[in-house]
Amino acid sequence: MEDKALHILNSTFGYSEFRDQQQAIIAQLIDGRDAVVLMPTGGGKSLCYQIPAMARAGVGIIVSPLIALMQDQVAALKQLGVSAAFLNSTLDAASAREVEQQLLRGELDMLYVAPERLTTERFLNLLERAPIALFAIDEAHCVSQWGHDFRPEYIQLSILHERFPAIPRIALTATADAPTRKEIIQRLALENAELFVSGFDRPNIRYSISQNQGNAKEQLLRFILNEHENDAGIVYCLSRKKVEQIAAWLSSKGLNALPYHAGLSAPIRQQHQSRFLSEDGVIIVATIAFGMGIDKPDVRFVAHLNLPKSIESYYQETGRAGRDGLPSDAWMMYGLQDVIMLKQMMETSDADEAHKRVERHKLQSMLGFSELTTCRRQALLKYFDDHLEQPCGNCDTCLVPVETWDATVVAQKALSCVYKTNQRFGVTYLIDVMLGKDMARIKQFGHDQLSVYGIGKELDAKQWNSVYRQLIARNLLSVDVEGHGNLRLTEQCRPVLRGEETLHLRKESKQIKLTQRGRKAYNTVKDTEKALWEALRACRKTLADESNVPPYVIFHDATLMEMVERQPQNHDQFSRMSGVGEKKLEAYADEFLKVIREHIDTVANATSSSDTVEETLSLLRSGMNAEAIAAHRNLKLTTIHTHLAKAIETGEVELQQVIELSEKEIKTIQNAFLNFGDEDRKLKPIHEAFEGAYDYGLLQCIRASIDIPA
Ligand code: ADP
Ligand code: ZN
């Protein structure tokens, strides 16, 4: 039986081995027993029921709460040559009847069904007449009333056990806090199931959090351009207005960014979501409304421009990056204003006091997490009672250790200023007082007479802002949210105020660039073999459009990357790549092999082109001028100039060796390029400016000399 599972893994899915617990889970089901599976996003849950569904006789019935997700999975399975279908409200009556007939005839390996349909009497009767391999309950946390996406229909699913006691069941989720887990087991009557728990870690996600120093959107842009050009990503903002602004800003910079929030009409939202899924490199800027049930494996980054309200939310939202296991970024930028705004939203909500207390506590934990000076992954896992022995080496604090400074005295000043102004003012005003600003408002309150007036000139306003933020994050100050965000002292600040405790705060660093530090695969491949990578993506996109499926359904990024690395030349080599099963080999190998072959040829040509440049240069060194070389090699003069321009650019020869113009003339032409040329320094405008006095080859050489330091 197990051989059969491995065979399916190899031949249908094109993977060489099982991951972690997959094999054990699959064996459990093939043997006809139940399983509860807690596995992080991207861990590989789908195979845990797909393979047993294929290995066992009959059809696997998969309950899934999200229509988009069902359609995606079925499309992907069909691409693999598996007989799969779904039943949900998007099908018209005739198509639904056809699927039901296939079910009864035993033609399906897998059938995806929405829970409300599954639990109808009519459908249950239908199932009793069909051969069934197993029941899989995906997103099983939907059964939990306390969870984030409770689905009342899920509670009815215990009926499966009553009506089909002999058929194995598997419940799967990525949400695994203890209460939810207990609820799943109890409500679905899975007390006898074996529990399979994988860790929470998502090692391919790099966590980094930095402080908003007033230029968040520029930082975001730089982050995307530096590390994720042409990648798909999600940017989360707190408000609709911010979503619109950021999407417009990124678009104005030439990125493919689309807004998504509840204020947009349903057709627009639908359109943006499907572009995100079906095109390469689309960035969705969204409120947290976006992302639930998005199963896109190649989201390369999730950026937060605001603080999520809890560590759970942070983990869930960042978890949408890198489901395919390739290096991905969880990047966040936050500032004091976000904290104040979140606290205000929380306190003014309609929730009862007990609820608010929990939320306050969660936000405080999130703040603490953001200000950490130790490994973020260790802290994140610890929050979920998981454990990581060593610092991870793949988060910002591991990669660029945070410097701290003794801020005890500074904190005392900041706290005193709050106290002396009667805890009635917000950060901006407090900082003005500490800096001794000459302002009517300060005088009006008589605060220019206080001992704290002008007491803080050793730091500037930005630095004070950072100090206040950290004091709030450490709960030494609280934000009075009913007023206008004025700060109050908390119990915890006493020891610091009294000088009984020293306080170390983070030094704010400039936005750190992490790219060059130990980044594996993805980015490096992109640099060296970018052209091939892009050509393969284009090929994938064409094939995807032809079949009307998202590109990742054809091949995942990981498979394309393997093509870049290994450059397979024939079917045999192609079939050995991860993600290439029999069906895809047959359907797609030729197209991709052609792209790879073309690439190899281009590279070969480029090499021979460097040979021809070499020949021109050696003739130049032997004393010939450009005209003589052209005549000797029987090439056009412009071609020789193009060779020489290349050599000038790389500094192998000097401009003066190549052209016979006076210093002054050269200067004039160079200046023309610098002054009235466009950014690309096109040749044509310059050629015209001098009324054709200098030919293009010559201009090319002069242009090549411009950025060479004298
Ligand atoms: P989950 O549902 O747990 O979020 P998926 O089932 O979507 O995860 O799997 C995540 C990715 O890992 C998919 O791209 C899947 O094809 C891939 N994958 C799963 N199992 C294996 C395996 N044994 N070898 C290689 N890739 C795998
Ligand atoms: Zn770390």
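Small disclaimer: the values here were computed from a predicted structure and weren't measured.

Asker: How should I be thinking about the coordination of the zinc ion (ligand 2) in this particular structure?
Answerer: Ideal donor angles around a metal are set by the shape: a four-donor tetrahedron calls for 109.5 degrees, a six-donor octahedron for 90 or 180 degrees. Coordination of the zinc ion (ligand 2) by the protein is provided by C375 (SG), C392 (SG), C395 (SG) and C398 (SG), with metal-donor distances spanning 2.3 to 2.4 Å. Given four donor atoms and angles of 103 to 119° at the metal, the environment of the zinc ion (ligand 2) is assigned as tetrahedral. Mapping the donors of the zinc ion (ligand 2) onto the primary sequence gives the spacing C-x16-C-x2-C-x2-C. Of the two residues, C375 sits in the loop between α16 (353-370) and α17 (376-383) while C398 sits in helix α18 (residues 396-399), which places them 23 residues apart along the sequence. Owing to a relative accessible area of 6%, C375 belongs among the buried residues under this scheme. On the accessibility criterion, C398 (22% relative accessible area) is partly exposed.

Asker: What should I look at first to understand the nonpolar core in this one?
Answerer: Most often, soluble globular proteins have nonpolar side chains that are buried together. With 100 residues, the main nonpolar core has F276, Y468, F574 and F592 as its most contacted residues. Top element by residues in this core is helix α29 (residues 582-621). It accounts for seven residues. Beyond its immediate chain neighbours, meaning those up to four positions away, F592 contacts L536, C539, R540, L543, I554, F555, L560, M563 and F574. Of all hydrophobic cores here, the second largest spans 36 residues; its members include F13, M54, M110 and A114.

Asker: What exactly am I supposed to notice about unusual backbone geometry here?
Answerer: It is generally the case that most residues other than glycine have a negative phi and that most peptide bonds are trans. At E139, a residue that is not glycine, the phi angle is positive and equals roughly 50°. Here E139 lies in the loop between β5 (132-137) and α8 (152-155). Given a relative accessible area of 24%, E139 falls into the partly exposed group. One non-glycine residue with positive phi stands out, namely N230, at about 65°. Mapped onto the fold, N230 is located in the loop between α11 (216-227) and β9 (232-236).

Asker: What should I look at first to understand the packing of aromatic side chains in this one?
Answerer: Each aromatic ring pair is summarised here by two numbers: the centre-to-centre distance and the angle between the ring planes. By the definition in use, this model includes 19 aromatic pairs. Geometrically, the ring pair formed by F425 and Y429 is stacked, given 4.3 Å between the ring centres and 20° between the ring planes. Here F425 and Y429 have matching classes, each one buried. Ring-pair connections join several aromatic residues into one group, and the members of that group are F200, Y315, Y383 and F384. Across the ring face of F369, the terminal group of R376 is positioned such that the distance to the ring centre comes to 5.9 Å.

Asker: Mind showing me how you'd approach the packing of helix α19 (residues 408-420) against helix α20 (residues 427-434) here?
Answerer: For any two helices packed against each other, the geometry is given by the interaxial angle and the distance between the axes. Between α19 and α20, whose axes approach to 10 Å, the crossing angle comes to 110°. Here α20 runs roughly perpendicular to α19, going by the angle between their axes. In the packing of α19 onto α20, the handedness of the crossing is right-handed. Across the interface between the two elements, K413, A414, C417 and V418 from α19 touch L430, V433 and M434 from α20. Classifying every residue of the contact of α19 with α20 by side-chain character gives six nonpolar, no polar and one charged.

Asker: What am I meant to see in the environment of H504 here?
Answerer: Considering the arrangement of structural elements, one finds H504 in strand β17 (residues 504-506). Spatially, the C-alpha atom of H504 lies 23 Å from that of K382, the residues being 122 residues apart in sequence. With residues up to four places along the chain from it excluded, the contact list for H504 reads T404, W405, D406, A407 and R474.

Asker: When you look at helix α31 (residues 637-649) in this model, what are you seeing that I'm missing?
Answerer: Residues spaced three or four apart along an α-helix point in a common direction, a consequence of the helix completing one turn every 3.6 residues. Between its terminal C-alpha atoms α31 stretches 18 Å, which fits the 18 Å expected from 13 residues at 1.5 Å a residue. Taken together, the buried positions of α31 are occupied by I640, H641, H643, L644, A645, A647 and I648. In the segment just after α31, G651 is the residue with positive phi, at about 80°.

Asker: I keep staring at the site of ligand 1 and nothing clicks. Help me out?
Answerer: The full set close to ligand 1 counts 15 residues, and Y15, G42, S46, R323 and H556 are the nearest of them. Between ligand 1 and S46, the relevant distance is 2.6 Å, taken from an oxygen atom to a side-chain nitrogen or oxygen of the residue. The side chain of R323 places a nitrogen or oxygen atom 2.6 Å from an oxygen atom of ligand 1. Sorting elements by how many residues they give to the shell around ligand 1 places helix α3 (residues 45-55) first, with three residues.

Asker: Whenever I open this one, the domain arrangement of the protein chain confuses me. Can you help?
Answerer: Interface size is commonly expressed as the accessible surface area that is lost when the partners come together. According to the domain assignment, the protein chain contains domain 1 (2-197), domain 2 (205-351 + 367-399), domain 3 (404-506), domain 4 (521-603) and domain 5 (610-706). Averaged C-alpha coordinates put domain 3 and domain 5 at centres separated by 64 Å.

Asker: Just to check I follow, could you spell out the pairing of strand β3 (residues 84-87) for this structure?
Answerer: Both faces of the sheet carry side chains from a regular strand, because those side chains alternate between them. Alternating residues of β3 divide into A84 and F86 and A85 and L87, and every residue in both groups is buried. Taken together, the four bridges between β3 and strand β4 (residues 110-113) define a ladder with parallel strand orientation. Paired with A84 across the strands is M110, a residue of β4. Crossover handedness for the path β3 to helix α5 (residues 93-104) to β4: right-handed.

Asker: Is there a simple way to think about the sheet that holds strand β13 (residues 328-334) in this case?
Answerer: Paired through backbone hydrogen bonds, the strands of a sheet run either parallel or antiparallel to each other. Taken in spatial order, the six strands of this open sheet run β8-β13-β12-β9-β11-β10, and their pairing is parallel. This sheet does not close on itself; its edge strands, each paired only once, are β8 (205-211) and β10 (257-260). The average undirected angle you get between the axes of adjacent strands in this sheet is 15°. Alignment of β9 against strand β12 (residues 299-304), held across five bridges, turns out to be parallel. Residue pairing across strands places V235 opposite A303, the latter belonging to β12. Of the strands in this sheet, β8 and β13 touch α16, which is tilted by about 105° from β13.

Reading the values: rules and limits
Residues numbered from 1 in each chain as written. Chains lettered and ligands numbered in written order. Predicted model: local features only at pLDDT ≥ 70, side-chain atom pairs only at ≥ 80, totals over all residues. Heavy atoms only, no water. Donors = N, O, S within 2.8 Å, 3.2 Å for Na, K, Ca; no water. Tetrahedral: all angles 85-135°; square planar, octahedral: opposite > 155°, others 65-115°. Helix = DSSP H or I, 4+ residues; strand = E, 2+ residues; numbered from the N terminus. Buried < 20%, exposed > 50% of the residue type's maximum accessible area, 1.4 Å probe, protein only. Core = buried A, V, L, I, M, F, W, Y, C linked by side-chain atoms within 4.5 Å. Contact = heavy atoms within 4.5 Å. Phe/Tyr/Trp six-rings, centres within 6.5 Å; stacked < 30°, edge-to-face > 60°. Lys NZ or Arg CZ within 6 Å of the ring centre and 35° of its normal. Axes fitted to C-alpha atoms, helices over the stretch in contact; angles between N-to-C directions. Parallel < 35°, antiparallel > 145°, perpendicular 65-115°, else oblique. Left-handed = near helix turned anticlockwise from the far one by under 90°. Nonpolar A, V, L, I, M, F, W, Y, C, P; charged D, E, K, R; others polar. Expected span 1.5 Å × (residues − 1). Near = heavy atom within 4 Å. Polar contact = N/O pair within 3.5 Å; in protein donor to acceptor, adjacent residues only side chain to side chain. Domains from an automatic or database assignment. Pairing = 2+ DSSP bridges. Right-handed = clockwise from strand over helix to strand, strands pointing away.

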